[in-house]
Amino acid sequence: MASWNNLLKDMANYKPVFLTIYAAVVVGVVVSSFYVFSAVYSSSSSSSSSSSSSLWFSPAQNQVSNCSHLTVVNVSLGSASQTQSKSMMPIWEVPPSGSKMPPLKTFKLTKELVQQRVKDNVVVVTFGNYAFMDFILTWVKHLTDLGVDNLLVELNCDAGAMDTKMVEALYWKGVPVFDMGGHMSTIDVGWGSKAFHKMGRQKVILIDAILPMGFEILMCDTDVVWLKNPLPYLARFPEADILTSTDQVVPTVVEDSLDNWQQVGAAYNIGIFHWRPSNSAKQLAREWKELLLADANLWDQNGFNDLVRRQLGPSVDEESGLAYAYDGNLKLGLLPASIFCSGHTYFVQAMYQQLRLEPYAVHTTFQYAGTEGKRHRLREAMVFYDPPDYYNASGGFLTFKPSIPKSLLLDGEHNLESHFDLVNYQIKQIRTALAVASLLNRTLVMPPLWCRLDRLWFGHPGILPGSMTKQPFICPLDHVFEVKTMLNELPEDEFGPPIRIREYSLFANPSMPKKVKESWLDVNLCQEGSRGCEVSNSTSQAGVLKFPKRSSEETYKTVFSSFKDVKVIQFSSMQDAFTGFADKSREDKFRKRVKAYTGLWCCVENHTPGHILYDIYWDEKPNWKPKPPQTPEEDHPPALTPLTGTY
């Protein structure tokens, strides 16, 4: 545990590079929307063995990757499993002092290596690059906490044909590295690009390499978080050749059985799937690989769906839920979307909660902010691992109690007008909070955000018919805000000082230090002139500070300069809390910044375009109504483009 804590502390120095592949995958989901409709309607490598520096290091922004390595994760849980090799060093345990790194030619994947990692003939595999090291560590930590240590992590990295720097960095941190020779890129992998398709093909190549060894493979994407040991569940279906997750959003079962294959119309999602080394499975892997290698533009998931659905049905029997597929001999099972969750069934519907089930995993699909959005959603759910400094931000935190009238939240129909009335009421308060956080140089803890309507990438009546989405519901931040823009840096000379944010669940996270929560100041806004409401830095006996509404920048600075060492300042409200920045230039820059923070809602049915832009200054436009852009001029991007920094 100490080694893990040291790694988390070092993570503060790591700054992940945004990979456009994950934003592109959201676009790619459009390709599979047909299925939805049919279903619903930084450290450099160290040569010093005493290194305690981070496993994390900041990659060069413009460096092109063309290598792929297999990182074998073997975490000791106190006692070695029967299949663990005594010669293999547990992860986090650095090599002995004075030892030398083995020759690079020894970093090769072999059957013997996999044999040392399997348990009950199963190996759990993910893949990613070093820009996703925090996702990889989260993936490993969750599984090892669940007692699953038969893991392999295929790590795609940068630089030359064999990235010596990457191999050494991981080796000296106690993470054995093995070469798969994938030669893959980690940047500029937009949807449909050559690099994007090559990355998807590496998954197939790995499956095709391991299956002939005779091992079972549970393959999952790096943005999957495991919440419960899945291996006993998979073992309930020993006859299955493949068990796969899906993008199904309408429940077909209400218990923990496999989804009804006859009712699942959504795409089979290869973010989570389990393979057994049967003849049919091996034949499918070979044909899938050949299909992808023959067509450089074919998405790996579409190829998988096309092959598996070539023949679908009949049922294998009356009880298991398995169906014949592919060649008529392959036995296929569909993992229930209620407990092997997508980003929709977990974050929006909370289907597992409503059905009183325990989720096994969440895959951060159905989201709208790329890698930053995935990370933020997992943080909101308190299942992402961050370094200690994340919970003790420099300058302290600012939070507030949001105020929402019952009529806006619950009364009337759930439609465009009531949805935007509710959301606009909240974003006005958030706008003020962003200004106060900027003024006091504090990190804003975002409030939970309530929505009446779901957000998707196509027209819909408000929520998906047949889904379990409750109205209203706490919606992910990326439903309304451009999370990527909020978390990335913008030029200060154009947008003013940066404003840091955290997720609404921050203070409920078990990782939040007690010393931070105990350093707390409650600020009650009051009407100036009322009893006890005056400009003062004196608090009551209960530790509460009364602070006048509509205070100026000077008043804020005068009063709160006395509380710089307080970790958390919580306002009772943000309504009428601040009159604005005294300096016009700073006010203009702030306005430009926060205008870029709001996103869009999508989409009105049978209307092109069907999206409606949120406007954080909606209240300054008396005739503002929620309607799609009427002209191209109105349809400007709601956020900054990552390359130009312009609207």
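Scroll up to find the structure this text is about.
The following refers to the structure shown. (Residues numbered from 1 in each chain as written. Predicted model: local features only at pLDDT ≥ 70, side-chain atom pairs only at ≥ 80, totals over all residues. Heavy atoms only, no water.)

**Things to note about the overall build of the protein**
We apply this condition: Helix and strand definitions here come from DSSP, where helices need a minimum of 4 consecutive H or I residues and strands a minimum of 2 consecutive E residues; each element is numbered from the N-terminal end. Partly exposed describes any residue whose relative accessible area lies between the buried limit of under 20% and the exposed limit of over 50%, with all areas from a 1.4 Å probe on protein chains only and scaled to the type maximum. Methods summary: accessible areas were calculated by the Shrake-Rupley approach with a probe of 1.4 Å, and residue burial reflects only the protein chains presented.
Within the protein one finds 20 helices and 23 strands. When each of the 647 residues of the protein is scored for burial, the buried share is 59%. Carbon and sulfur atoms make up 50% of the accessible area of the protein, which amounts to about 26200 Å² in all.

**Let's talk about the sheet that holds strand E6 (residues 224–226)**
This is how it is decided: Each pair of strands is called paired provided DSSP finds at least two bridges between the two strands.
Ordered by their spatial adjacency, three strands build an open sheet running E6-E13-E12, and the pairing between neighbours is mixed. Every interior strand has two partners, whereas the edge strands, E6 and strand E12 (340–341), have only one.

**Points about the pairing of strand E19 (residues 520–526)**
Alignment of E19 against strand E21 (residues 568–571), held across four bridges, turns out to be parallel. Of the residues in E21, the one forming a bridge with Val-523 is Phe-571. Examined bridge by bridge, E19 and strand E20 (residues 544–548) share five bridges and lie parallel to one another. Note that in E20 the partner of Leu-525 across the bridge is Phe-547.

**Brief notes about the environment of Leu-357**
Note the following rule: Any two residues having at least one pair of non-hydrogen atoms within 4.5 Å are treated as being in contact.
By the element assignment, Leu-357 lies in the loop between helix H12 (351–354) and strand E13 (361–363). Since its relative accessible area comes to 18%, Leu-357 is described here as buried. Note: C-alpha distance between Leu-357 and Ile-339 (18 residues apart in sequence) is 7.0 Å. Among residues more than four places away in sequence, those in contact with Leu-357 are Val-254, Glu-255, Asp-256, Ser-338, Ile-339 and Tyr-352.

**What about the state of the cysteines?**
As a reminder of what qualifies: By disulfide we mean two sulfur atoms from cysteines, separated by a distance within 2.5 Å.
All chains considered together, the criterion is met by three disulfides. The disulfide that involves Cys-602 links it to Cys-603, with 1.6 Å between the sulfurs. Judged by the sign of its S-S torsion, about -90°, the cystine formed by Cys-602 and Cys-603 is left-handed. Of the two residues examined, Cys-602 and Cys-603, each falls in the buried class. In the protein, numbering the disulfide-bonded cysteines from first to last in sequence yields the connectivity 1-2, 3-4, 5-6.

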